[in-house]
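What follows is the residue order along each chain.
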Amino acid sequence: MKAFEYATALSTDSARELVGANGAYLPGGNDLLALMKEYLVDPKRLVNIKSLPGMDKIQSGAKGWTIGALATVAEIEDHQELAKAHPGLQQAAAEVGSRQIRNVATVGGNLAQHSRCWYFRHRDTVCLKKNGDLCYARNGENRYHSLFTGNPCISPVVSSLATTFAALDATAVVLHEGAETRMSMAELYHRAWENPLAHNSLENGDLILRVEIPVARSRSTYMQVSDKHAFDWALVSCAAAAEVTDGKLKSPRVALGSISPVPHQVEAANSFLEGKVLDDAIATQAADMILKDAKPLEHNAYKVPMAHALIRRALLKLKGDA
Ligand SMILES: Cc1cc2nc3c(=O)[nH]c(=O)nc-3n(C[C@H](O)[C@H](O)[C@H](O)COP(=O)(O)OP(=O)(O)OC[C@H]3O[C@@H](n4cnc5c(N)ncnc54)[C@H](O)[C@@H]3O)c2cc1C
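Predicted model only: the values in this text are computed from it and were never measured.

## A few points about helix H5 (residues 87-95)
- Looking at H5, one finds that the buried residues are Gly88, Leu89, Ala92 and Ala93. Looking down the long axis of H5, one finds its buried residues gathered within 135° of arc, a one-sided arrangement.

Below you can see the structure in the form of structure tokens.
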């Protein structure tokens with residue numbers, strides 16, 4: 001690992017100042033320190049943000065739930081009131097890595113974690129994500145990669161929390177150049193959709209302060225399939241959320257992870273589901289719509305039926321059938 005300076009920030013302003021142009025925020029360090037040990041990133045200064053006041057709170061209010069960026073994934077998993085309000089979020093949190101990782105991993109770090117693409121993670125491979133000329137996964141080992149992308153890089157977003165936050169229509173509140181800006185999950189990852197160098201839309205120095213979840217959807221669920229039952233990222237993940245009144249869906253949303261550089265959502269499918277009473281045929285039609293434009297590669301075509309099954313199951317679970 002290359003030498004670096006270390007500083008502790010006690011306010012968001014000082015965090016921003018300390019991180020400067022070449023530093024990185026350090027909350028849990030799960031991803032950041034691994035990237036540094038592999039010489040994939042070399043921040044000149046690590047800014048410990050764990051002491052920033054109030055940023056680890058999980059609170060509810062009239063408009064919904066607010067989750068501070070320094071809340072840990074384990075705290076989400078263990079929060080009983082939050083689990084009642086948004087079971088899908090609790091289920092997603094419980095699937096992250098292992099309990100040891102969840103105890104340390106923060107919400108902000110989970111959302112801002114970097115690509116898991118093994119070509120990107122190989123220190124000697126200069127792929128598109130590292131300013132090279134080629135996406136080696138495209139014609140290489142692409143079993144973990146995207147079915148959708150807006151650029152030649154096929155590395156998907158793997159944050160389990162992002163998938164659920166997208167289905168819950170949550171907003172990330174980000175401190176950008178001294179002012180708070182609000183980003184949907186689609187906006188938080190949009191730059192990765194169009195630019196192979198990006199893992200998300202954050203600029204250097206942007207600080208995720210909190211995530212806000214509106215009250216609109218009282219039912220939610222999250223499911224994933226992984227190679228291993230624990231200590232592993234999802235091959236495909238799916239979250240669904242809605243209000244269900246007299247059996248009819250209101251404000252339904254479905255989002256998928258690990259198949260696109262952004263949490264994959266298809267507005268037409270959400271509109272199609274609005275007001276519907278769920279049954280297997282409706283869930284199947286929605287899944288068809290969501291996956292219609294998938295572009296599988298040589299080794300990841302298995303993700304299409306896997307995603308299809310997860311969407312159907314997640315939707316039927318919203319109704320209580322699966
Ligand atoms: C074996 C294993 C299995 C895993 N499985 C899963 C899984 O199934 N699902 C999943 O989602 N994750 C999984 N993870 C990833 C893990 O959840 C993340 O590495 C962790 O959540 C990162 O959080 P952290 O606080 O440690 O972030 P750090 O590593 O400290 O930071 C990560 C990045 O985010 C930036 N950052 C952190 N906080 C902020 C902020 N508030 N504002 C702006 N930028 C910020 C940092 O500067 C850094 O670039 C797994 C990890 C391991 C090791």
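## Brief notes about the site of the ligand
- Around the ligand, the surrounding shell holds 28 residues, and the nearest of these are Tyr25, Gly29, Asp31, Thr106 and Ser160.
- Ile208 is positioned such that a nitrogen or oxygen atom in its backbone is 2.8 Å from a nitrogen atom of the ligand.
- For the ligand, the accessible surface in isolation is 980 Å², of which the surrounding protein chains cover 92%.
- Those elements that provide at least two residues to the shell around the ligand are helix H7 (107-112) and strand E8 (207-214).
- Per-element tally for the shell around the ligand: the top contributor is H7, with four residues.
- Its residues assigned to classes, the shell around the ligand comprises 13 nonpolar, eleven polar and four charged.

## A closer look at the pairing of strand E3 (residues 45-48)
- For strand E1 (residues 5-8) and E3, the ladder comprises four bridges, and the chain directions are parallel. Along E3, the bridge assignment pairs Thr8 with Asn48.
- Two elements, strand E2 (residues 23-26) and E3, share four bridges in a ladder whose sense is parallel. Each residue of the ladder has a partner; that of Tyr25, found in E3, is Val47.
- With helix H2 (residues 32-37) bridging E2 and its parallel neighbour E3, the resulting β-α-β unit is right-handed.

About the thresholds
Residues numbered from 1 in each chain as written. Predicted model: local features only at pLDDT ≥ 70, side-chain atom pairs only at ≥ 80, totals over all residues. Heavy atoms only, no water. Buried < 20%, exposed > 50% of the residue type's maximum accessible area, 1.4 Å probe, protein only. Helix = DSSP H or I, 4+ residues; strand = E, 2+ residues; numbered from the N terminus. Arc of directions from axis to C-beta. Near = heavy atom within 4 Å. Polar contact = N/O pair within 3.5 Å; in protein donor to acceptor, adjacent residues only side chain to side chain. Areas by Shrake-Rupley, 256 points an atom, 1.4 Å probe, with all protein chains shown as cover. Nonpolar A, V, L, I, M, F, W, Y, C, P; charged D, E, K, R; others polar. Pairing = 2+ DSSP bridges. Right-handed = clockwise from strand over helix to strand, strands pointing away.

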